[in-house]
Amino acid sequence: MLLEKYSPKNTKDLIGNPAAIMDIRKFLTSWKKGKALLVYGPTGSGKSTAIKLIARELGYEVIGTHADEERSAKGFFEASMQRSVFSRKKLLLFDDVTAGSLRNFSQLIEKSGHPVICTTDDAYQLPTASRKVFKLLKFDKIGETELVKFLEAVCRSEHITLQHRELEQLARTSNGDVRALLIDLNAFRLGLKYSNHRDAEENIFNTLKIIFKTTSIQNCKIALDNSEKDGEELFSWLEQNVLEEYTDTNSIASAYDYLSKADIFYSRIIKRQSWSLQKYFSNLSVYGVALAKEKTSARFVSYRPPVFVRRSSNVLLENLAKNLHISKRQAAAYIPLIRMLFKKNRNICEEFGMDDKEASFILGE
């Protein structure tokens, strides 16, 4: 995909925020113990990418993680006390920090023998006490003019023909997110539809398009981070559309296997109230479905919303339960499989005790 091909290889490839990029370099070259940097700005503005490229150019070994667990700070502190195998300088990078993950950072920053940089979308959603331990540095949303110029260069290189107004439309709908811009351009190249609007979040159909049309973990992470749906809703959308997107049995079986494992984590979250497991639930469902396929497909798929079985459908579930000799709750879990059977042979609906109207409901028609 274009996203991998045109990811920045050095700081000269970065788009926008030249002053902020220079300030990161200055922070690292003049770093003193007890000092830390908080880089904030909208998704897709290049915060983490810029930090990693600058660190590499200055000879730093980047040790990075998402600061979403208390043990992260402790683990990073222990890592900072160890010497690198190659005696390189280290940079401790925490992505997407929150108020909860910053509780132990003041001690880490004071004792760390290496620079600490954190990133977040909005620094001012963090408590004032947490912000005080950092020097704040803002990344602005990348302007449409810069995005159009970048698009023109990519289109020339890839021999993609687009009118200037179409380039402007792509730049506008990306909302300053370079990764989203490349994903939409790649969708255009493959003959897929791309979003004609993108506020602060990807709409659900674009989210599904990215997950189902890629085998890249990085692309899936973008889709997950920008999704307008929470993990449970996204799980339902993926479960509904596996059979719409995938056609070979191996990919279908693998996708549902990952979804079943994700569902186990979700049941543990609810039963034990262990919300620290939420990321495993989301990652297994999203990354698992994306990696289940043997190869990507360029065909257009009209994704369907999940079929939620409502109380008014009790009669339908009762018929299913009676004919399958199972409970109504178990019958609801069989709906995706029954839908697949109906698609192959609509005539078998009578064997499940259904009329055409109920079969249409199962198929989401």
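For the structure, check the block above.
A brief look at the structure comes next. Not measured: the values here are computed from a predicted model. (Residues numbered from 1 in each chain as written. Predicted model: local features only at pLDDT ≥ 70, side-chain atom pairs only at ≥ 80, totals over all residues. Heavy atoms only, no water.)

**Observations regarding the overall build of the protein**
The number of helices and strands found in the protein is 18 helices and 5 strands. Across the 365 residues that make up the protein, the buried fraction comes to 47%. Expressed as a percentage of contacts within the protein between residues at least 6 apart in sequence, the contacts between residues at least 24 apart total 72%. Carbon and sulfur atoms make up 50% of the accessible area of the protein, which totals about 19500 Å². (Helix = DSSP H or I, 4+ residues; strand = E, 2+ residues; numbered from the N terminus. Buried < 20%, exposed > 50% of the residue type's maximum accessible area, 1.4 Å probe, protein only. Contact = heavy atoms within 4.5 Å. Areas by Shrake-Rupley, 256 points an atom, 1.4 Å probe, with all protein chains shown as cover.)

**So, the pairing of strand E4 (residues 116–120)**
Residues in a regular strand project their side chains so that they alternate between the two faces of the sheet. Of all 5 residues that make up E4, 5 are buried, and the element is covered over most of its length. Side chains Val116, Cys118 and Thr120 of E4 all project onto a buried face; the interleaved residues Ile117 and Thr119 project onto the opposite face, where all are buried too.

**Describing the pattern of salt bridges**
Overall, the coordinates contain 8 salt bridges when judged by the stated rule. Note that glutamate 57 is salt-bridged to arginine 25, the shortest N-O span being 2.7 Å. Here glutamate 57, found in helix H3 (residues 47–57), pairs with arginine 25, found in helix H2 (residues 18–29); they are 32 residues apart in sequence, far enough to count as distant. According to the relative accessible area criterion, glutamate 57 is partly exposed, its value standing at 36%. (Salt bridge = Lys/Arg side-chain N within 4 Å of Asp/Glu carboxyl O.)

**Some thoughts on helix H7 (residues 144–158)**
Along an α-helix, a turn takes 3.6 residues, which lines up residues three or four apart on a common side. Compared with the 21 Å implied by 1.5 Å per residue over 15 residues, the 21 Å span of H7 between its first and last C-alpha is a close match. For H7, the full list of buried residues reads Leu147, Val148, Phe150, Leu151, Val154, Cys155 and Glu158. Projected down its long axis, H7 shows its buried positions confined to an angular sector of 165 degrees, all on one face. H7 presents Thr145, Lys149 and Arg156 as exposed residues on the side facing more than 90 degrees away from its buried surface. Buried residues belonging to H7 abut helix H1 (2–5), helix H8 (164–173) and helix H9 (178–189). (Expected span 1.5 Å × (residues − 1). Arc of directions from axis to C-beta.)

**Quick notes on the side chain of asparagine 241**
Considering the arrangement of structural elements, one finds asparagine 241 in helix H12 (residues 231–245). According to the relative accessible area criterion, asparagine 241 is buried, its value standing at 0%.

**Considering the side chain of arginine 131**
Looking at the element boundaries, arginine 131 is found in helix H6 (residues 128–131). Setting aside residues up to four positions removed in sequence, arginine 131 forms contacts with Ala123, Tyr124, Leu126 and Leu136.

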